Amino acid sequence: MNRVVITGMGIYSCIGKNLEEVKNSLYEGKSGIKIDEERIPFGYRSPLTGMVERPNLKSDLSRRQRVSLGEEGEYAYVATIEALKNAKIDQDYIDANEVGILYGNDSTAQSVIESIDTIREKKDTTLVGSGAIFKGMNSSVTMNLSTIFRLTGINFTISAACASGSHSIGMAYQLIKSGLQDCVICGGAQEINKLAMGSFDGLGVFSLNTENPEQASRPFDSSRDGLVPSGGAATLILESYDSAVKRGAPILGEIIGYGFSSNGDHISTPNVEGPSRAMLKAIKQANINPSDIFYVNAHATSTPVGDANEARAIVNVFGENGPYVSSTKSMTGHECWMAGASEVIYSMLMMHHDFIAPNINLKQPDEAASKLNLVSKTLDKKFDVFLSNSFGFGGTNSALIIKK
Amino acid sequence: MVKEVIIEKINDFLIDEFEVEQDDIAPEANLKDTLELDSLDFVDLVVAVESNFGVKLVGEDFVNVKTLQDFYDLIENKLS
């Protein structure tokens, strides 16, 4: 079995457009939550969202490449450029070696809706243009990036709701561990536009704290009133230890456990048993004790039931006052399909810069969360092992354990 | 629409939207070999023609279109 290491990371998020900016925001406890004025007249209950700028890729990509790339693909491209550079992988290396891609994504709403609107208006499918099909398929990110970077290895998209990004890392880990691949680009992308989040808003689970957008996302706090949607993209380069050593790549961390489970329960309400099993499986696979884990980056999205059940699951696995716990969604909002990958990067940045980012807006933990060792202010601490939780609709759970 | 206006509009969208090199624009230029338009670009040509001239082309219209001059002539015929 191969050891699997992380050799590169790239991030494009509402708290920073690159690793350095994101690291600073995490340390400072800076929120990326804003109000999108367009959402109210459109019919949203809540206009709160994480916001990122659409990158201008005209000088980076050809017209053919750009017309096929939707919003989430643009974010993924920018994050992947940073990750490849970070990993010291150039096009010559990719052309000479089998590099794969497994990326988390679970919607292309804007691309689909805009092309259907055009067909309805023009009554002619040709008039949607040649890029519509490649932007509208759920595998848009992987089909585009694999073409742009001329990848020749594994190539598909992982759709697992808000655990998509985490499962993409887990699956890449399995392929490299078993020797089927040496190097895989993985991550998660999430579109941010009013067409993408309307049906989620319709469930009534978004925070309505429009008076104080930066305080709206408050995981584990007793006054939380819902999540805040967000997005962007996060890319990690996973590689076998041997491959990384052979090419003198930076070794940023090692993946030692990937636990997964399905709740077999309600479609949207998370439970305690499923996440507990995922964490326990990851710990068993890592062959460590729960007490070896210093920090847990919680999935906690700021919904009343979800956070409380995750708190119970963490107590189940680690006992009361176990590892330090924070939810970076307090700053970023819920980055959905991207979150499982971005939160590994946030935790990696913390581990490399000796701090634990705060769970901002935590004034009074609720009863379940009061048993956790929650970090509400930036903590300067060295650590070398963390666990990152990601859960999604349908009861899909993923827990990753990474060590320095 | 006079032929000069048709040619100017086509040249403009080829340069601006399709990023064809201005130096490659010539009546005898082959759309595939010289302007490097591929099968997917021909779909976008249909879109560009519809938005610029209000004319809907179909695949068969391109059967005898090899050069830019053929393309100018096609649009002129459709508009006449």
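The numbering scheme is per chain: residues are counted from 1 as the chain's sequence reads. The lettering of chains begins at A and the numbering of ligands begins at 1, in the order of writing. Note on the predicted model: pLDDT of at least 70 is required for a residue's local features to be given, and 80 or more for side-chain atom pairs to be given and counted; whole-chain, interface and lining totals, by contrast, use all residues.

Engineer: Looking at this structure, how should I read the domain arrangement of chain A?
Structural biologist: Often, the extent of an interface is quoted as the loss of accessible area upon association of its parts. All names here are of chain A. Boundaries of every domain are those given by an automatic assignment or by a domain database. Entries for chain A in the domain assignment read domain 1 (4-246) and domain 2 (261-403). On a C-alpha basis, the centres of domain 1 and domain 2 stand 21 Å from each other. In this assembly, 58 residues from domain 1 lie in contact with 55 residues from domain 2. Contributing elements (two or more residues each) for the side of domain 1 that touches domain 2: β1 (4-12), α1 (19-28), β3 (48-50), α9 (164-177), β6 (183-190) and β7 (232-240). Residue contributions to the side of domain 1 that touches domain 2 peak at seven residues, all from α9. For this classification, Asp, Glu, Lys and Arg are treated as charged, while Ala, Val, Leu, Ile, Met, Phe, Trp, Tyr, Cys and Pro are nonpolar and the rest, including Gly, are polar. Looking at the side of domain 1 that touches domain 2 residue by residue, the classes come out as 26 nonpolar, 26 polar and six charged. Contact between two residues is assigned whenever their backbone-derived C-beta positions fall within 7 Å. Secondary structure elements follow DSSP: runs of H or I of four or more residues count as helices, runs of E of two or more count as strands, with numbering from the N terminus.

Engineer: Even after reading the chapter, I still don't get the nonpolar core, so can you show me in this structure?
Structural biologist: Counting 104 residues, the largest nonpolar core has Val184, Leu236 and Leu238 of chain A as the members making the most contacts within it. Counting residues per element, this core draws most heavily on helix α15 (residues 339-352) of chain A, which supplies nine residues. Per-domain counts for this core show at least three residues from each of domain 1 (4-246) and domain 2 (261-403) of chain A. What valine 184 of chain A contacts, discounting residues up to four positions off in sequence, is Gly100, Ile101, Leu102, Gly153, Ile154, Ala172, Leu175, Ile176 and Leu238 of chain A. By our criterion, buried Ala, Val, Leu, Ile, Met, Phe, Trp, Tyr and Cys residues that link up through C-beta atoms within 7 Å make up a nonpolar core. In this scheme every C-beta is placed from the backbone, and a residue whose C-beta has 20 or more other C-beta atoms within 10 Å is buried, one with 12 or fewer is exposed, and one in between is partly exposed. Core analysis: the second largest hydrophobic core is formed by 14 residues, Leu31, Leu45, Leu57 and Leu68 of chain B among them.

Engineer: How should α9 of chain A be read in this particular structure?
Structural biologist: Count 3.6 residues to each turn of an α-helix, and residues three or four apart come out pointing the same way. All names here are of chain A. In this model, α9 (14 residues) spans 20 Å end to end at C-alpha, consistent with the 20 Å of a helix rising 1.5 Å per residue. Here α9 lies mainly inside the structure; twelve of its 14 residues are buried. All of the buried residues in α9 are Ser164, Gly165, Ser166, His167, Ser168, Ile169, Gly170, Met171, Ala172, Tyr173, Leu175 and Ile176. Downstream of α9 by one or two residues, glycine 179 has phi in the positive range, about 90°. Working rule for helices: expected span equals 1.5 Å times residues minus one.

Engineer: Mind showing me how you'd approach α1 of chain A here?
Structural biologist: Residue and element names in this part refer to chain A. For α1, the set of buried residues is Val22, Lys23, Ser25 and Leu26. Each buried residue of α1 sits inside an arc of 165° when the element is viewed along its axis, so together they form one side. Those residues of α1 that are buried lie in contact with β1, α14 (329-332) and α15. One or two steps after α1, the chain reaches glycine 29, where phi turns positive at roughly 65°. It is the directions from the helix axis to the C-beta atoms that the arc portrays.

Engineer: Please explain the UniProt feature "domain: Ketosynthase family 3 (KS3)" (unreviewed entry) in chain A as it appears in this structure.
Structural biologist: UniProt positions are given in the numbering used here, feature names are shortened, and annotations may be inferred rather than shown by experiment. Here, UniProt's "domain: Ketosynthase family 3 (KS3)" (unreviewed entry) annotation points to residues 1-404 of chain A. Segment residues 1-404 of chain A splits into 36% helix and 20% strand. End C-alpha atoms: 19 Å apart.

Engineer: Explanation requested: the pairing of β1 of chain A in the structure shown.
Structural biologist: On a regular strand, one side chain projects to one face of the sheet and the next to the other, so that they alternate. All names here are of chain A. Within β1, nine of the nine residues are buried, which leaves the element mostly enclosed by the surrounding structure. Note: two strands are recorded as paired if DSSP finds a minimum of 2 bridges between them. Across three bridges, β1 lies against strand β8 (residues 253-262) in antiparallel orientation. Following the sheet pairing, valine 4 is matched in β8 by isoleucine 255. Pairing geometry for β1 and β7, over eight bridges, is antiparallel. In the sheet register, valine 5 faces β7, and the bridge partner there is glutamate 239.

Engineer: Mind showing me how you'd approach the packing of helix α1 (residues 3-16) of chain B against helix α3 (residues 68-79) of chain B here?
Structural biologist: The packing of two helices is summarised by the inter-axis angle and the distance between the axes. Residues and elements named next belong to chain B. Simply put, an axis is a line fit to the C-alpha atoms, just over the touching stretch for a helix, and the angle between two N-to-C directions goes from 0 to 180 degrees. Two elements in contact, α1 and α3, have axes separated by 10 Å at closest approach and are oriented at 125°. When the interaxial angle is binned, α1 and α3 end up oblique. Relative to α3, α1 is oriented so that their crossing is right-handed. Here Lys3, Ile6, Ile7 and Ile10 of α1 lie close against α3, whose contacting residues are Phe71, Tyr72, Ile75 and Glu76. Split by residue class, the contact of α1 with α3 holds six nonpolar, no polar and two charged. Roughly parallel refers to an angle under 35 degrees, roughly antiparallel to one over 145, roughly perpendicular to one between 65 and 115, and oblique to any angle outside these ranges. Less than a right angle of anticlockwise turn of the near helix away from the far helix marks a crossing as left-handed, whereas a clockwise turn marks it as right-handed.

Engineer: For this particular structure, what's the right way to read the UniProt feature "modified residue: O-(pantetheine 4'-phosphoryl)serine" (unreviewed entry) in chain B?
Structural biologist: All names here are of chain B. Mapped onto this structure's residue numbering, the UniProt feature "modified residue: O-(pantetheine 4'-phosphoryl)serine" (unreviewed entry) falls at Ser39. Secondary-structure assignment places serine 39 in helix α2 (residues 39-53). With 9 C-beta atoms packed within 10 Å, serine 39 lands in the exposed category.

Engineer: I'm lost on the pairing of strand β15 (residues 396-403) of chain A in this one. Help?
Structural biologist: All names here are of chain A. Of all eight residues making up β15, seven are buried, and the element is well covered by its neighbours. The pairing of β8 with β15 spans eight bridges and is classified as antiparallel. Its bridge partner lying in β15, phenylalanine 260 is registered against serine 398. Note that strand β14 (residues 385-392) and β15 share eight bridges and pair antiparallel. In the strand pairing of β15, asparagine 389 is matched with alanine 399. Once β14 ends, the chain turns through three residues before running back antiparallel as β15, passing glycine 394 with a positive phi of about 85°.

Engineer: Explanation requested: the UniProt feature "domain: Carrier" (unreviewed entry) in chain B in the structure shown.
Structural biologist: Following the UniProt record, one finds the feature "domain: Carrier" (unreviewed entry) at residues 1-79 of chain B. A helix fraction of 52% and a strand fraction of 0% characterise residues 1-79 of chain B, whose end C-alpha atoms lie 7 Å from each other.

Engineer: Explanation requested: the environment of aspartate 265 of chain A in the structure shown.
Structural biologist: All names here are of chain A. Examined against the element boundaries, aspartate 265 turns out to sit in the loop between β8 and α12 (273-286). Classification of aspartate 265 by C-beta neighbours within 10 Å gives exposed; the count is 12. Taking the C-alpha atoms as reference points, aspartate 265 and glycine 395, 130 residues apart in sequence, are found 6.7 Å from one another. Setting aside chain neighbours within four positions, we find aspartate 265 in contact with Asn271, Gly274 and Gly395.

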